Structure formats: structure tokens, C-alpha cells
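# Per-entry structural report
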Amino acid sequence: MKLLVYGAGVCGSLFAARMHEAGHDVTLLARGERLAALRRHGVQLAEGDGPTVERVPVRVVDHPESGYDLVTVFVRTHQVDAVLESLAGVQGDVLFLLNWAAGPEALGAVIGHERVLLGFPTTGGTMDGDVVRYRRSNFLTRRVVMPIGEHDGRTTARLERITETFRAAGINAKAEPRMGAWLRTHAAFEVPLGQAVYEAGGPIALADDPDAVRGMLHLMRRNLAAMETPPVPRAFAALRTLPQGLLVAVLRRFLRSPTAVHSGLNDASPATAAELRRLAEQLGASAGAR
């Protein structure tokens, strides 16, 4: 597969490295200081806090080139408009692996509806300088799947081909027929969580404030209630039905866990705030269209 990975943060870098190691023709798109670092050292990976750094020599560019079999987009929600403009004339299917609650229509209007696939990356980690520190693998993380789906929910030959290609590379991908609802459900949870963590100054600081966690849970419930479809996965319905005290305790425990602490939740950058604002706007627009 000739693959362009658009975005060289944690998820894009890790995905590009794994697909390169599986023998695919991979190009990673980056800009600025990140581009310079990748050209010097390749993609640098380390598991958790371990001292061993793996270097993967993925080819890097600063703009799309000729056609690709597949373009995978790993950027923040508020950066998508610029990506769409740069991909409008580039041949190939485009899989958006990111936070997105606005549905596929806005994406397809720019690059062509038939090119659009939706998904969400399930890898996690943090940037340590130029090194991607990804979560240690365990029984639970190995069971978490990367959902991907067609813009219209169909099961197509290309979706099956992409899914199998990813799985052969060790990426636990799965076709999801309700990908739009999956992304809206995730946003309904992610926006209150991300905003509360950002305002508190980190996941552990939020866990130490039960009142703030209760406020966060209230917003999650309100977002889920405003959705026009049932939550996907259905397990998220528990946020609306289980007792508040139990959920607050579970959420506080999660916020103190290594999964939360060593994740993008600890990124207090302006880009994080901008993404959360855009995602909240998409949720509000979706609810207002009912």
C-alpha cells in the first residue's frame, strides 16, 4: 500500500512507523520543527518511561505529492479545513482518524464524498521532546480496537481491504457501520472531560476535586441526551443510567490512572483548547439541527 500519513504527532508517528515496519510504502507529512527532527532522526519511539528508543526511518515531506492508495489524517479538529484544501487535488481515498462530530458531509463537500472514510485512533501516548512515548501494551489495551467506517455506513470491499491491511500490520482495526454516531458519542464524552482537565490543570488535579468531576459528568449526560441517535458503543449509555456517586468514583479513579496521566489529557497547549472549542461547536450544531 502506498500510504500518506498526514500529521506527525503521537498517533500519526506511531501509525506511520508500524505501517513502515509492516513493509508498506509510507510517507509521513510534518511541518516546522517536527519535520526537521524527523529528517534528522526518523520516528523515535519508546514504550512508557523505558530508556530504549527505537528509530524508524520513515520518509517525511512537508506537503502532499502524487496520488496514494490511502491518505490517513491525524490532526486536531480545528486543523481539518486546511488539510481538506491541501488534499482536494491529491488522488486517493482519505481516512480521517481524529475527533470529529460534524459528520462526513463537510469533508466530502471539499474532496468528494466517495473518498471519505471516518475512524478514530486508539493508540495513546505523549511527546517527550522528539520521542513518542506510547502506552505500554497489556491485556486491556490489546483488546481496544481502532474503529473505521464508510461515510454512509456501508460495508464495502475497500473498507474490508483497509481493515485487513491494518490488522496484518498489528493494528487492531475493526469495521464500524455507525462511525458517525461513534464519533459524536466520543465527542459528547471527550469535550467535558478535556475541558475539565484543562481548567483543573491536569487529570490528577481534576480527580482531587469531586465537585468538578460531578460538573463534568453533568455535561456528559446533557450531551448524550441531546444526541439524535443512541450512543455508540452502547456502554456509554451507562453514563446516563448508573448512580452519580458510582460514576464519580469511577471517573476519579480513571483520572489518576497511568492511561489518563500518560495521555493527551496532560497536554495543556493552546492547540488543545482550540480543538475542544471546535469540537464543542460541532456538538452544538449537531444538537441544534434536530
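Residues numbered from 1 in each chain as written. Predicted model: local features only at pLDDT ≥ 70, side-chain atom pairs only at ≥ 80, totals over all residues. Heavy atoms only, no water.

## Focus on helix α2 (residues 32-41)
Which entries qualify depends on this criterion: The classification of residues rests on relative accessible area computed with a 1.4 Å probe and restricted to protein chains. Under 20% of the type maximum is buried, over 50% is exposed, and intermediate values are partly exposed. Secondary structure is summarised from DSSP: a helix means a run of H or I of at least four residues, a strand means a run of E of at least two, and numbering begins at the N terminus for each. Our arc is simply the arc of the directions from the helix axis toward the C-beta atoms. Contact definition: two residues touch when any of their heavy atoms are within 4.5 Å.
Residues of α2 that are buried include every one of Arg34, Leu35, Ala37 and Leu38, and no others. All buried residues of α2 lie within an arc of 165° about the axis, which places them on one face of the element. When the buried face of α2 is taken as reference, the exposed residues oriented beyond 90 degrees from it are Gly32, Glu33, Arg39 and Arg40. Against α1 (10-21), β2 (25-29), β3 (43-47), β5 (59-61), β9 (125-128) and β10 (131-134) lie the buried residues of α2. Positioned one or two residues after α2, Gly42 has a phi angle of 75°, which is positive.

## Considerations on the sheet that holds strand β1 (residues 2-6)
Quick reminder of the rule: Here, a strand pair is defined by DSSP locating no fewer than two bridges between the strands. Lines fitted to the C-alpha atoms define the axes, with helices restricted to the stretch that makes contact. Angles between their N-to-C directions range from 0 to 180 degrees.
Strand order in the open sheet formed by eight strands is β5-β2-β1-β6-β7-β8-β11-β12, with mixed pairing between adjacent strands. At either margin of the open sheet sits one strand with a lone partner, and together these are β5 and β12 (173-175). When strand polarity is set aside, the average angle formed by the axes of neighbouring strands in this sheet is 25°. As paired strands, strand β8 (residues 116-119) and strand β11 (residues 146-150) are joined by three bridges and run antiparallel to one another. The residue of β11 that forms the bridge with Leu117 is Glu150. Sitting on the sheet, α1 is in contact with β1, β2, β6 (70-73) and β11, with an inclination near 165° to β2. With respect to the sheet, α2 is in contact with β2 and β5, its orientation differing from that of β5 by roughly 155°.

## Some thoughts on the pattern of salt bridges
Definition in use: Just to be clear on terms, a salt bridge is a Lys or Arg side-chain nitrogen sitting within 4 Å of an Asp or Glu carboxyl oxygen.
Tallying each qualifying case throughout the model produces 14 salt bridges. Close ionic contact of Glu275 with Arg76 constitutes a salt bridge, the shortest N to O distance being 3.0 Å. With Glu275 in helix α13 (residues 270-288) and Arg76 in the loop between β6 and α3 (80-87), this residue pair connects regions lying 199 residues apart in the sequence. Residue class for Glu275 comes out buried when judged on its relative accessible area of 10%. Here Asp152 and Arg154 are joined by a salt bridge, their closest N and O atoms 2.6 Å apart. Look at the salt bridges and you will find they share partners, linking Arg18, Glu21 and Glu54 into a network.

## A short note on α1
Selection criterion: Helix span is expected to be 1.5 Å times the residue number reduced by one.
Between its first and last C-alpha atoms α1 spans 17 Å; for twelve residues at 1.5 Å apiece the expected length is 16 Å, and the two agree. The element α1 is extensively covered by neighbouring structure, given that nine of its twelve residues are classed as buried. Buried within α1 we find Val10, Cys11, Gly12, Ser13, Leu14, Phe15, Ala16, Ala17 and Met19. Just past α1, the residue Gly23 takes up positive phi, approximately 100°.

These values are about where atoms sit, not about what they do.
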